[in-house]
Structures are given as C-alpha cells and as structure tokens.
Number of protein chains: 2
Amino acid sequence: MIDFGVTILGSSSAVAAFGRRPSSQVVHYDQTRYLIDCGEGTVFRMSEYDIKVGSINQIFISHLHGDHYYGLMGIISTYNLNGRTEPLEIFGPDGIQDIIEMNFRYSKSTLRYPLTVHKIDPTIALKIFENDVIEVHNIPLRHGIPTTGYLFIEKSRTPKIIKEKILEYNIPVESIIDIKNGADFTNTDGQVISNTELTIPISTPRKYAYCSDTAYHEPILPMIEGVDLLYHESTYLSNEVDKANQYFHSTCTQAATIATKANVKKLLLGHFSSRYKSLDLMKEEAIEIFENVDVVEEGKTYIIV
Amino acid sequence: MIDFGVTILGSSSAVAAFGRRPSSQVVHYDQTRYLIDCGEGTVFRMSEYDIKVGSINQIFISHLHGDHYYGLMGIISTYNLNGRTEPLEIFGPDGIQDIIEMNFRYSKSTLRYPLTVHKIDPTIALKIFENDVIEVHNIPLRHGIPTTGYLFIEKSRTPKIIKEKILEYNIPVESIIDIKNGADFTNTDGQVISNTELTIPISTPRKYAYCSDTAYHEPILPMIEGVDLLYHESTYLSNEVDKANQYFHSTCTQAATIATKANVKKLLLGHFSSRYKSLDLMKEEAIEIFENVDVVEEGKTYIIV
C-alpha cells in the first residue's frame, strides 16, 4: 500500500504554550509532500523533525489568523535564499498575495523561483488541486474570518495485472489495456478468464480531512463522510462550549460528534488552547462520543491505512 | 552598579542553521527590557530563555530583511491575545506600520493596547528614544536596504549622597538638592565639607552599540567610539571578503578592525552565515586584530561592566 499520512508540526491555538507550536502539518503521499498551514517557526520545526524543507511544492493555508500563516514569509524567503528553482504553489483565502508582495517590496527582495498564489473562495467547496497521485478539495468552515479546510483524496488508480497471470495465460501486450479497464480475457482456446482472477483489485481511495479553525458546523458532514482520518480543531474542553461558540471554535465533544455523524474512521484532535497543560481530559471527553480518537502530538506521524 | 547587559536570542544570518536562529536580542537595564530585532520565532525563544515576553515596551528594528523582523507580527499578536494594556513602541525604517496594518486588516483583528510605530530615517543619527534611565540613538549603517544600528547609553544620574554623612554632619533636608548638584556643605560651625566627601561619584555612562547588518563602514566610528560593548555583524570569515562587499555584510576581521579603530572595550560577533558550523575560526581570526572578542552564544547574557 502506498504510504499516506500526516506529520504534526504544531498543535496549539493562537497563544503557543507548553512547548506546543502554532498550526502546521505535512501531508505525505508516496514521495510527495504538502504543507497545511504555516504558523510561526514552521521552517524550523521541519528541520527539527527531519522533514526536508525543500520537499514542499504546495502550501494550503486555512485562513489569515496569524497562528496559521506567520511562518509563510519565512519559508518563502528560505526557498529564495536556498536557490530553489522548483515552482511553489500557495492556496488560501484572499490576502496572501498582498502580504507577500508588501514584505518583498520593503525588503527589496526579488523572488528567484516561480510562485503562484491561488486565491480560494472559502464559501464554495471545489476541487482546487490535483496531480498524478492526489487531489485536494477545500471545505468551507465556520470561523470569524473566511476559513477553509482541506480534503486530500488519493486518486483511483487503474488496477494492476498480476504478472504471473500474463505468463500463465500467455496474455498478449495488446490485451493489457482492456484488462486494466475491466475486461475479461479470452485465450486462443476460447477459454474465458475473469478480470478478477487477473488483477489486483483497486482499494477505495483513502481520504484525509483537515478542519481547522471552525465552530461546530454540520454542513461539512457530506464532504468528510467516511474519511479515513479527520483532523478537527478542539480548542476547548466541553465546559467551555460558550467560549467555543463565541470565538467560532469547537470543543472536543463537538469535534467527536462531527466525527461520529460523518462516520469517519479515526479522529485527531488539535489546536489546543493555552489554558490546558495536560490534554488527558480532552481525550477522555472525546472518547465517550467517538472511540478511535487521539490528541495529536507534535513530531508524530499519523499513518492513513 | 546597575545591571546592564544583553541576552542573545538569535545569531544567524538569513538562513538559520545548526540550531542558530535569526537576529534578535534583549537589552536589559535595571528593571527595564528592550528588544532589538525580531526574527521569526523570537516570542518562543524568549519563553525558552525565561525572559518574560510582556516585559518589553520598546522594540527596535534594524531593517526590513525577513531575518530581522518576521517574528514581529507574532509578538504583537501574542500581546493582543494575552490582554496587554501597556503601550508598545516600535522603532524602525519605513514599512513596519504598513505591514502591521495589512496583516491586521486581513485577520480582522483589533489591537487592544496602544501601539506606536516610530519611523526612523536610517540616514541620520538622532536620539530616538529616552526614558528615566536610558537613551537610544540610531546609527546609520551601510546595507542593501535602509538599515540602522542602535546605541544604548545609560543616563548620567545625579550623584547619590552617602547616608552616613547626612547623620555625621547633621545635613538638613533643604541642603540635599544643592549637594546633589555639586555644592559643598557648610555646617553651623562654618566648617566646609567638600562635595566629594559627601557623595558617591557618578561613573561614566556605559554604552552598548548594535551594528547589524552592515558592510565595513568607518562613518560609524565616531558614534561607537569607546563603547563598553559593541555587537557587530560578522557574517563571513575573512576569505569571503568579496562576498561580504557584494552583499553589504562584514567579515570577522572587518568587525574587529572597526572595534579597534573605535577603541571599544569588548566586541561581540554575530549574524553568522549558515556555511559555518563551527565558529572557532571566526573568533581566531578576529582575536588577531582585537583581543577582547567573543562569538555570541544564543541564550547567553553579556553583562556590561
């Protein structure tokens, strides 16, 4: 199975505390890497966790609260100074291009690699990116400013033919495309060999959803239905639900309720308030509602199976 | 003697490497604290080094290259979230106010404490700040964009009267101001007691100069003449003098030459290129020219005596 997972670089909410850092994470799929959010110090955290800084070609920003993007200029500048030539794409709400341009104008810096900023409309769910292996959709969230989550879906691949069967049934090259497209094979004796015998079945595409920052927001349910892994913000314990509502954040029990209603396979909680040193109670409260849940640890990689 | 010194938070040049972080340092004088430059992650470094983040009321930015200010929005936002009410002043070249305003506009944030940005003209040396204990002048430097160093001078204080002498000579309260201003004291018997016997003499005001980033630039010499402590950038070893000239940086031998010509008491080298893992050679080369020199260590406090 192709390696698919996410490494947490930062799990704190706006005020960093207890060694936890602002939001950032790296999704990996096979040999590709994608950065989601880029809080201050992201470029240093990547080095600390042995993630090659230059491995990123796409950065997805959820919204323009500082704890989600104050590290963006740092990574853009680091690439510039390291002699990067590969194109870089940044996806996120309106404002990113203006901020980059203003910083570069005052520093009289010239960007030495192609940088494209894709302005995302956080109110509409669209496929915003795809390459050969993965596609990314945005997920409209409910927060104080325009905010979008991101859904990573591995692409359906054509089934693989089992090599031994090619020899066993003496399958000619010209039949292979038909078999990959689902056809049975009829050999020269008229014997029909069923497609299922000849191919490795395609697994259901795995999905990873990132939902931060957001109030409890059921309209996201259809988009995250059945995902293999859901990262949902969990700024507060359930006794702070009023504060969560006031600031458009979620409690751990709200996050777990979303996970239950969306039938996700596993839930990761993150974006913790600086009022909580220990996160044990966060997990205890969530597990009452949704069993397969973890509070994220920075530096840890969560594999999507 | 009143405690006066500087704690190094970051000592790397533009690309952070070997655990060294971008430029930032905290000057302390008695109970007051001042931040000079604010590279990415400064707010985290302060916590790591047990420097109370809220202790800063003035921030001095040398120039708008990212490694000197990408942590500024983070510290401004942290104050906002921590419920700061004390005024904050930021000093630096043109652009800082625009950058702060743009970030706050997109994040729809409202600043909840008084923030004043003082635009410094990096081409003219002026006294730009003073309070009861210290004054700060800017030092025009030579770099690729408008850049200023900063000179911290402790204020001349009125001499203190030795308490025991008040009792010994039965000095009335109304004479104390005159004595502090230098007058001798004549007692009721007509005996004249000289001012020097009654007071603790004023020491020469101590000075700290921060010069980063800059090419070798002799016009700074009159401003830093005789300072107790000079922090001078030292991006390169002497064999990279062409690169230093090209990028308006200094070598360690150039920094040491400036220190010698300015008759400073002690030299600190900083702003090291990412090409140098060890800084031993940096110190060895500089010490040949100026003996009382150190390559700075992050987290270390250098006391000005």
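These remarks concern the structure in this document.

About the criteria used
Residues numbered from 1 in each chain as written. Chains lettered and ligands numbered in written order. Predicted model: local features only at pLDDT ≥ 70, side-chain atom pairs only at ≥ 80, totals over all residues. Heavy atoms only, no water. Core = buried A, V, L, I, M, F, W, Y, C linked by side-chain atoms within 4.5 Å. Buried < 20%, exposed > 50% of the residue type's maximum accessible area, 1.4 Å probe, protein only. Axes fitted to C-alpha atoms, helices over the stretch in contact; angles between N-to-C directions. Helix = DSSP H or I, 4+ residues; strand = E, 2+ residues; numbered from the N terminus. Parallel < 35°, antiparallel > 145°, perpendicular 65-115°, else oblique. Left-handed = near helix turned anticlockwise from the far one by under 90°. Contact = heavy atoms within 4.5 Å. Nonpolar A, V, L, I, M, F, W, Y, C, P; charged D, E, K, R; others polar. Lys, Arg positive; Asp, Glu negative; His and termini not counted. Salt bridge = Lys/Arg side-chain N within 4 Å of Asp/Glu carboxyl O. Polar contact = N/O pair within 3.5 Å; in protein donor to acceptor, adjacent residues only side chain to side chain. Least-squares fit on C-alpha atoms with pLDDT ≥ 70 in both. Buried area = accessible area lost by both parts, 1.4 Å probe. Arc of directions from axis to C-beta. Pairing = 2+ DSSP bridges. Right-handed = clockwise from strand over helix to strand, strands pointing away.

Observations concerning the nonpolar core
Of all hydrophobic cores here, the largest spans 62 residues; its most connected members are A:I75, A:I90, B:I75 and B:I90. By size, the runner-up hydrophobic cluster in this structure holds 56 residues, among which are B:F4, B:F91, B:L151 and B:L221.

With respect to the packing of helix α2 (residues 72–81) of chain A against helix α3 (residues 96–106) of chain A
For any two helices packed against each other, one specifies the crossing angle of their axes together with the interaxial distance. Residues and elements named next belong to chain A. Relative to each other, α2 and α3 sit at 55°, their axes nearing to 11 Å. When the axes of α2 and α3 are compared, the pair comes out oblique. Between α2 and α3 the crossing geometry is right-handed. Residues L72, M73, I76, S77 and N80 of α2 form the contact with α3, whose own contacting residues are I96, I99, I100, N103 and F104. Among the residues making up the contact of α2 with α3, the classes are represented as seven nonpolar, three polar and no charged.

Quick notes on the side chain of A:E233
Residue and element names in this part refer to chain A. If you trace the backbone, E233 turns up in strand β15 (residues 229–233). Comment: no salt bridge for buried E233; closest opposite-charge side chain is R142, at 10 Å. A polar contact of 2.5 Å, which involves the side chain of E233, links it to the side chain of T235.

What to know about helix α2 (residues 72–81) of chain B
All names here are of chain B. In terms of burial, α2 is a largely internal element, nine of the 10 residues being buried. Listed as buried for α2 are L72, M73, G74, I75, I76, S77, T78, Y79 and N80. Structurally, α2 contributes buried residues whose contacts are with β3 (32–38), α1 (42–48), β4 (56–60), β5 (88–92), α3 (96–106) and β6 (115–119). Looking at the residues trailing α2, positive phi occurs at G83, about 80°.

Remarks on the relation of the copies chain B and chain A
For the pair chain B and chain A, the superposition axis carries a translation of 0.1 Å, the fit reaches an RMSD of 0.3 Å, and the rotation angle comes to 179°. A rotation of that kind, with that shift, is consistent with a two-fold axis. Closest to the rotation axis within chain B is the C-alpha of B:G41, separated from it by 2.8 Å. When the interface residues of chain B are mapped onto chain A, 100% of them are again interface residues, pointing to one common binding face.

Concerning the interface of chain B and chain A
Taken residue by residue, the interface counts 33 residues in chain B and 33 residues in chain A. Of the roughly 2,800 Å² buried between chain B and chain A, counting both surfaces, carbon and sulfur atoms make up 61%. If you look at where chain B meets chain A, you find two salt bridges. We note a salt bridge from A:E48 to B:R21, for which the minimum N-O separation is 3.0 Å. The set of elements that each furnish at least two residues to the side of chain B that touches chain A consists of α1, α2 and α3 of chain B. By residue number, the principal contributor to the side of chain B that touches chain A is α3(B), which donates five residues.

Describing helix α10 (residues 280–287) of chain A
All names here are of chain A. Within the span of α10, buried status applies to M282, E285 and A286. Viewed along the axis of α10, the buried residues span an arc of 95°, placing them on a single side of the element. On the buried face of α10, the contacting elements are α9 (252–261), β16 (267–270) and β17 (293–295).

So, the pattern of salt bridges
Residues and elements named next belong to chain B. The tally for this structure, following the rule as stated, stands at 29 salt bridges over all chains. In this structure, the salt-bridge partner of K127 is E130, at a minimum N-O distance of 3.1 Å. Taking relative accessible area as the criterion, K127 reaches 41% and is therefore assigned partly exposed. Residue R206 pairs with E154 through a salt bridge whose shortest N-O separation is 2.9 Å.

Section: the sheet that holds strand β7 (residues 127–130) of chain A
Residues and elements named next belong to chain A. Read from one edge of the open sheet, seven strands run β7-β8-β9-β14-β15-β16-β17, paired in mixed fashion. The sheet is open, and its two edges are formed by β7 and β17, each paired on a single side. Mean inter-strand twist for the sheet, computed between neighbouring axes without regard to direction, equals 20°. Two strands pair when backbone bridges link them, and strand β8 (residues 134–140) and strand β9 (residues 148–154) are joined in this way by seven bridges, in the antiparallel orientation. Residue pairing across strands places I139 opposite G149, the latter belonging to β9. Sitting on the sheet, α10 touches β16 and β17, and the angle it makes with β17 is about 165°.

Observations regarding the pairing of strand β4 (residues 56–60) of chain A
Residue and element names in this part refer to chain A. Of all five residues making up β4, four are buried, and the element is well covered by its neighbours. Relative to β4, strand β3 (residues 32–38) runs parallel, the two being bridged by four bridges. The residue of β4 that forms the bridge with Y34 is Q58. Since β3 and β4 lie parallel, the crossover through helix α1 (residues 42–48) that links them has a hand, and here it is right-handed. Across three bridges, β4 lies against strand β5 (residues 88–92) in parallel orientation. The residue bridging F60 from the neighbouring strand is F91, located in β5. Assessed by its sense of winding, the connection that carries the chain from β4 through α2 to β5 is right-handed.

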